[in-house]
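Inside the fold
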Amino acid sequence: MTPRSTSRTASRALLRPLLVALGALALTAALFALQGLAPARAAELLVRGAFGDADAWSATLRLATPLLLCTAGVALAFRCGLWNIGAEGQLLVGGLAAAWAGSASGHWLPALLAGALAGGAWAALPAWLKVRRGVPEVLSTLLLNGVALELLRWLVTGPLQEPTGQFPQSAPLPESAWLPQLPLGRTGALHLGLPLALLLTAACGLFLARTRAGLLLRAGATAPLLTKACRFPLARAQLLCFAAAGALAGLAGAGAVAGVARTVDRSLSQGLGYAAVAAALLAGLRSAWLAPAALLFAALQSGTAALQWAENLPGIDRFGLVLQGVAIIAVVVATRGRALRGGTLGGRLGGERSAPP
Amino acid sequence: MSERAPPPLAFVGIGKRFGERRALDGVDLELRAGELHALLGENGAGKTTLVRLALGLLEPDEGEIRSDGVATKIASPAVARALGIGMVHQHFALAEGLTVAENLALAEAPRAWRKRSFEAAARQQLLRHGLDLDPAARVGDLPIGLRQRLEIAKALAQARRVLLLDEPTALLTPSEAEALFAELEQLRARGLAILLITHRLEDALRLADRITVLREGRVALAAERGTASAASLARALFGGAPDVSAPPLPPRAAGALRIAARRLVGERFGPLDLEVRGGEAVVLTGVEAERQAELLEVVAGLAPPRSGDLEVAPGARAFISGDRQRHGLALPLSIAENVALAPATFARPWFTSRELLAAAAPRLARFDVRATSPWQAAAELSGGNQQRVVLARELAGDPPLLLAENPTRGLDLQATAFVHAQLRAAVANGAALLLATSDLDEALALATRLFVLFRGALHPCAPRREAVAEKFAALAAGAARGARGGP
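Residues numbered from 1 in each chain as written. Chains lettered and ligands numbered in written order. Predicted model: local features only at pLDDT ≥ 70, side-chain atom pairs only at ≥ 80, totals over all residues. Heavy atoms only, no water.

Some remarks on the overall build of chain A
Helix and strand counts for chain A stand at 13 helices and 0 strands. By the burial criterion, 50% of the 357 residues in chain A qualify as buried. A separation threshold of at least 6 residues defines the contact pool for chain A, and within that pool the share at least 24 residues apart is 72%. Put simply, chain A shows about 15,900 Å² of open surface, and 68% of that area lies on carbon and sulfur atoms. (Helix = DSSP H or I, 4+ residues; strand = E, 2+ residues; numbered from the N terminus. Buried < 20%, exposed > 50% of the residue type's maximum accessible area, 1.4 Å probe, protein only. Contact = heavy atoms within 4.5 Å. Areas by Shrake-Rupley, 256 points an atom, 1.4 Å probe, with all protein chains shown as cover.)

This is the structure:
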């Protein structure tokens with residue numbers, strides 16, 4: 001390729017996302033206007049609500065922590081050709097396990113471990129069904145989300161219900177089982193989970209890019225016979241990979257319980273597991289972009305929540321979902337659908353393009 | 001031809017550029033009614049661009065396309081269809097989830113969508129073209145040879161005046177190719193103008209009324225029947241005369257036993273006995289690509305045999321699949337990563353990017369992989385370079401046992417010669433090669449021992465063209481007698 005054509009391609013590659021971003025902004029402004037909000041004012045409130053001060057930051061990061069863990073899990077599975085849509089359910093069972101283990105042990109470490117184990121086990125079931133029985137994991141993981149939610153409803157009104165038996169929630173964790181807090185903001189809702197999430201996201205990226213097992217798992221996404229010829233136990237590795245993805249989501253649930261809520265009720269997830277799928281795709285499954293994508297989605301949610309308070313517009317917080325949708329559509333348009341196309345693997349879903357160090 | 005009606009399709013002074021690169025430059029080419037025109041050229045010579053112009057997928061920057069002598073703008077595929085121009089693509093454009101009949105119906109865009117009516121229509125259509133296909137079969141279940149057959153049937157539905165074929169024999173077995181050529185002969189007699197893109201010089205010389213050779217976007221040679229020779233075509237193709245037909249390997253003293261199969265039975269082959277030793281190239285050829293592929297996979301340990309004994313020497317082995325895109329490479333991964341998939345590439349379970357590069361670079365250099373960088377995705381390479389990456393992974397450790405299945409399928413002459421040279425060199429160094437190929441030239445070029453795989457059984461045969469032809473004829477005659485119920 002000549003230098004000229006390279007620069008031409010590069011300028012075109014930049015132009016398109018730019019146009020798409022402008023379009024997405026225009027669409028967002030129009031949506032705000034429809035709600036009776038001046039777009040400029042809404043944008044200002046949104047940004048201030050997400051990043052305006054230490055409180056805003058801590059609210060955003062509090063959401064971003066479990067979201068990033070789920071996103072890392074979803075991306076890990078997707079990169080290996082495994083369609084894990086079950087982060088929501090894995091998060092819920094992780095939270096339940098953490099509530100139980102935290103109360104029983106009185107310490108946060110068993111709570112986290114139990115959450116990860118439960119999430120991993122919850123993911124291992126559809127993984128086993130896929131590897132051994134050929135059950136499509138898109139369906140089984142998605143359906144298990146509903147099972148997990150019903151399990152939670154039953155447990156918090158039954159075996160795990162708080163002692164007074166008045167509220168559909170688990171017994172509050174003893175203070176000894178709270179996660180160590182980070183000093184940021186007044187809400188005091190930042191905990192050990194955030195550095196853990198960043199660390200594990202980086203670890204997943206390194207595992208996929210710089211280990212033989214990661215390499216072969218990614219190869220197995222498109223060429224399973226090739227990995228077999230390379231004497232790699234693909235099925236077993238896929239099972240473990242899926243379980244690890246579930247463990248990350250389970251950890252997200254455990255962190256949300258032991259770090260923030262101190263108890264489990266129906267509001268534990270609020271769709272974080274689904275937002276994680278969207279965030280992972282928004283990042284194009286590139287490890288380095290997972291954290292920014294999770295942060296963006298968290299900011300949209302915390303920003304719109306702040307908007308609700310400032311403008312007294314009940315229900316406007318759901319607007320965060322609309323904005324997430326706009327972001328996803330923008331990315332799909334900008335990449336001409338490559339970001340969402342799984343089967344043929346234009347280079348995104350199967351594995352990120354390796355870059356020289 | 002006595003009357004000189006203007007040709008149904010003619011390219012006059014066609015130029016096309018992509019950025020700085022001139023894909024086509026002043027190309028003249030006529031497709032006359034009742035003639036077969038062979039188009040030759042290395043990968044990147046401009047063949048595909050020319051075809052895309054004819055199909056209305058691109059428009060020329062210079063020159064004009066004439067239909068029946070009238071300058072025509074083929075602005076869209078619909079225009080091409082209206083002009084009666086149809087195409088058989090090298091890569092299949094089939095809906096795998098639909099049946100044969102439904103795929104044919106899609107190509108014709110029928111008015112009524114009734115299943116029974118298009119199964120009947122498909123049956124008639126297939127019968128008319130002499131193509132043996134079950135209209136109710138799901139395309140995804142068909143082996144590659146039958147899918148190609150369907151592609152041809154599909155194109156014939158649209159190509160009323162001009163039929164373009166891009167390497168139609170690349171995936172076919174020799175007998176299927178012969179059947180296709182007979183069909184082309186018929187279509188030519190009916191007055192169709194045919195463009196045959198091919199890598200095979202002998203097919204062009206044997207079949208074509210006219211031959212055009214493209215090199216770097218220009219016409220390097222335009223010849224009529226009888227005025228070209230293999231040597232002149234090869235010179236026009238490469239600008240020199242490369243060694244396209246090296247002599248077969250000499251028989252050698254047999255080395256250690258690498259493969260021993262006794263009464264081996266698979267889903268689609270057997271029972272068969274087979275021994276392969278170091279320093280010999282045992283080649284299985286024939287028309288049964290699916291059976292060849294299964295046999296190789298069983299020997300490689302990738303598929304279980306049904307019964308029988310199979311002993312394969314432990315240790316490293318190379319497995320070169322004919323299906324590069326699905327089994328040979330992980331397309332989204334980089335070239336370096338694809339090479340590093342080989343077992344024992346790294347001493348530890350993890351590696352740094354520097355170690356990755358250090359492991360891959362010498363192999364990529366040794367096998368002459370041409371890429372912008374080792375970090376380029378394998379999907380972006382041409383077929384020839386993709387196969388070089390496969391060789392770089394599979395052969396770099398100089399394994400004592402090589403298993404290869406149609407390793408040059410769809411490659412151009414130079415890439416084919418390269419692959420053959422590498423296999424030859426490995427055998428000369430004492431490796432055992434078990435090769436299954438549907439390409440008789442390939443079989444003859446490499447075999448020290450040759451078997452014909454017929455109906456899943458092995459029949460030894462002298463590695464000479466006439467001997468193989470005779471063997472096939474005898475086996476086919478025997479099978480035909482058997483089918484009629486006894487001798």
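Having seen the structure, we can now continue with the description.
Describing the pairing of strand S11 (residues 257–265) of chain B
Residue and element names in this part refer to chain B. As judged from the 5 bridges shared by S11 and strand S12 (residues 272–277), these two strands associate in the antiparallel manner. What sits directly across from leucine 264, in S12, is leucine 272. Count of turn residues in the S11/S12 antiparallel hairpin: 6 residues, of which glycine 270 carries a positive phi of about 95°. Here S11 pairs with strand S14 (residues 307–312) via 5 bridges, running antiparallel. Following the sheet pairing, alanine 261 is matched in S14 by leucine 310. (Pairing = 2+ DSSP bridges.)

So, the interface of chain B and chain A
Taken residue by residue, the interface counts 33 residues in chain B and 27 residues in chain A. Carbon and sulfur atoms supply 63% of the area that chain B and chain A bury against each other, a total of about 2,600 Å² over both sides. Here chain B and chain A share 1 salt bridge between them. Of the charged contacts, one joins Arg218(A) and Glu337(B) as a salt bridge, the two residues approaching to 2.7 Å between their closest N and O atoms. (Buried area = accessible area lost by both parts, 1.4 Å probe. Salt bridge = Lys/Arg side-chain N within 4 Å of Asp/Glu carboxyl O.)

Brief notes about unusual backbone geometry
Residue and element names in this part refer to chain B. The residue after glycine 270, namely proline 271, is reached through a cis peptide bond having omega 0°. Tracing the sequence through the fold places proline 271 in the loop between S11 and S12. Look at glutamate 167: it is not a glycine, yet its phi comes out positive at around 50°. With phi around 40°, asparagine 406 is a residue other than glycine that occupies positive phi space. Of note, asparagine 406 is situated in the loop between strand S16 (401–405) and helix H14 (413–428).

Some words on the packing of aromatic side chains
With the rule as written, the count across this model stands at 3 aromatic pairs over all chains. For the ring pair Phe51(A) and Trp57(A), a centre distance of 4.7 Å and an interplane angle of 50° mean the geometry is tilted. Pairing Phe78(A) with Trp83(A) gives two aromatic rings, centres 4.7 Å apart and planes at 55°, and the pair type is tilted. By relative accessible area, which is 28% here, Trp83(A) ends up partly exposed. Above the ring of Trp178(A), the side-chain terminus of Arg262(A) is found at 3.8 Å from the ring centroid. Arg388(B) extends its terminal NZ or CZ atom over the ring of Phe418(B), reaching a point 4.3 Å from the ring centre. (Phe/Tyr/Trp six-rings, centres within 6.5 Å; stacked < 30°, edge-to-face > 60°. Lys NZ or Arg CZ within 6 Å of the ring centre and 35° of its normal.)

Here we look at helix H1 (residues 47–54) of chain B
In terms of burial, H1(B) is a largely internal element, 6 of the 8 residues being buried. Positive phi shows up at Gly56(B), right after H1(B), with a value of about 80°.

Concerning the state of the cysteines
In protein chemistry, a disulfide is the covalent bond that joins the sulfur atoms of two cysteines. Scanning all chains against the criterion turns up 0 disulfides over all chains. Left unpaired, Cys204(A) is separated from the closest cysteine sulfur, that of Cys241(A), by 8.4 Å. (Disulfide = S-S within 2.5 Å.)

Topic: the sheet that holds strand S6 (residues 85–88) of chain B
Each strand in a sheet pairs with its neighbour through backbone hydrogen bonds, running either in the same direction (parallel) or in the opposite one (antiparallel). Residue and element names in this part refer to chain B. An order of S6-S7-S8-S3-S9-S10 is seen for the 6 strands of this open sheet, with the pairing classed as mixed. Looking along the sheet, the strands with just one partner apiece sit at the ends: S6 and strand S10 (218–224). Within the sheet, the average angular offset between the axes of one strand and its neighbour, ignoring direction, is 15°. Its contacts with the sheet put H1 on strand S3 (36–41), S6, strand S7 (162–166), strand S8 (193–197) and strand S9 (210–215), and the angle it makes with S3 is roughly 135°. Strands S3, S7 and S8 of the sheet are contacted by helix H6 (residues 174–189), whose axis makes an angle of about 150° with S8. (Axes fitted to C-alpha atoms, helices over the stretch in contact; angles between N-to-C directions.)

Comments concerning the pattern of salt bridges
Any two side chains of opposite charge can pair if their charged atoms end up close together. Enumeration over the complete set of coordinates arrives at 32 salt bridges over all chains. Between Glu137(A) and Lys130(A) there is a salt bridge, with its nearest N and O atoms 3.4 Å apart. For Glu137(A), a relative accessible area of 5% corresponds to the buried category. For Lys130(A), a relative accessible area of 25% corresponds to the partly exposed category. We note a salt bridge from Arg210(B) to Glu35(B), for which the minimum N-O separation is 2.6 Å.

Digging into the sheet that holds S12(B)
Residue and element names in this part refer to chain B. On the basis of which strands lie adjacent, the open sheet formed by 3 strands has the order S12-S11-S14 and antiparallel pairing. Two strands in the sheet have a free side with no partner beyond their single neighbour: S12 and S14. For this sheet the average axis-to-axis angle between neighbouring strands, irrespective of direction, equals 5°.

Examining helix H11 (residues 272–282) of chain A
All names here are of chain A. Most of H11 is tucked away, with 10 of its 11 residues classed as buried. Within the span of H11, buried status applies to Leu272, Gly273, Ala275, Ala276, Val277, Ala278, Ala279, Ala280, Leu281 and Leu282. Tucked into the core, H11 has its buried residues touching helix H3 (54–79), helix H4 (87–105), helix H12 (287–311) and helix H13 (319–334). Glycine 284 sits one or two positions beyond H11 and adopts a positive phi of about 60°.

Looking at empty space enclosed by the protein
What the rule picks out here adds up to 4 cavities of 30 Å³ or more. Considering only enclosed or pocket space, the largest cavity measures out at about 40 Å³ in volume. Contributing to the lining of the largest cavity are Ala72(A), Ala75(A), Leu76(A), Arg79(A), Cys204(A), Gly205(A), Leu208(A), Leu285(A), Ser287(A) and Leu290(A). Sorting the residues of the lining of the largest cavity by element identifies H3, helix H7 (193–210) and H12 of chain A as the ones contributing at least two each. Looking at the lining of the largest cavity, the element that brings in the most residues is H3(A), giving 4 residues. Of the residues contributing to the lining of the largest cavity, the split by class is 7 nonpolar, 2 polar and 1 charged. Considering only enclosed or pocket space, the second largest cavity measures out at about 40 Å³ in volume. Around the second largest cavity, the lining residues are Leu226(A), Ala229(A), Phe319(B), Ile320(B), Ser321(B), His327(B), Gly328(B), Val390(B), Arg393(B) and Glu394(B). Those elements that place two or more of their residues in the lining of the second largest cavity are helix H9 (224–229) of chain A together with strand S15 (317–320), helix H10 (324–328) and helix H13 (383–395) of chain B. When residues in the lining of the second largest cavity are grouped by element, the largest group, 3 residues, is from H13(B). Across the lining of the second largest cavity, the residue classes tally to 5 nonpolar, 3 polar and 2 charged. (1 Å grid on protein atoms, 1.4 Å probe; cavity = no way out; pocket = protein on both sides within 12 Å on 5 of 7 lines; lining within 4 Å. Points joined across faces, edges and corners; volume = space filled by probe spheres on them. Nonpolar A, V, L, I, M, F, W, Y, C, P; charged D, E, K, R; others polar.)

Observations regarding the packing of helix H8 (residues 212–222) of chain A against helix H10 (residues 234–261) of chain A
Residue and element names in this part refer to chain A. Interhelical geometry of H8 versus H10 gives an angle of 105° and a closest axis separation of 10 Å. With respect to each other, H8 and H10 are oriented roughly perpendicular. Facing H8, whose interface residues are Leu216, Leu217 and Gly220, H10 presents Leu234, Ala237, Gln238 and Cys241. Its residues assigned to classes, the contact of H8 with H10 shows 5 nonpolar, 2 polar and no charged. (Parallel < 35°, antiparallel > 145°, perpendicular 65-115°, else oblique.)

Considering the confidence of the model for chain A
Residues and elements named next belong to chain A. A residue-level look at chain A finds 87% of positions with pLDDT of 70 or above and a mean pLDDT of 84. Within chain A, helix H1 (residues 3–34) has the poorest average pLDDT of any element, 69, and helix H5 (residues 108–133) the best, 96. With pLDDT under 50 throughout, residues 1–7 is counted as low confidence; its partners more than four residues away or in other chains account for 3 contacts. (pLDDT = per-residue confidence, 0-100.)

Side note on the nonpolar core
Within soluble globular proteins, side chains that are nonpolar generally end up buried alongside one another. Formed by 140 residues in total, the largest nonpolar core has its most connected members in Val264(A), Leu268(A), Phe297(A), Leu402(B) and Leu433(B). The greatest single-element share of this core, amounting to 15 residues, is contributed by H10(A). Contact partners of Phe297(A), with chain neighbours within four places excluded, come to Leu67(A), Ala275(A), Ala278(A), Ala279(A), Leu282(A), Gln324(A), Ala327(A) and Ile328(A). Listed in part, the 31 residues of the second largest apolar core include Leu40(B), Leu156(B), Leu180(B) and Ala234(B). (Core = buried A, V, L, I, M, F, W, Y, C linked by side-chain atoms within 4.5 Å.)

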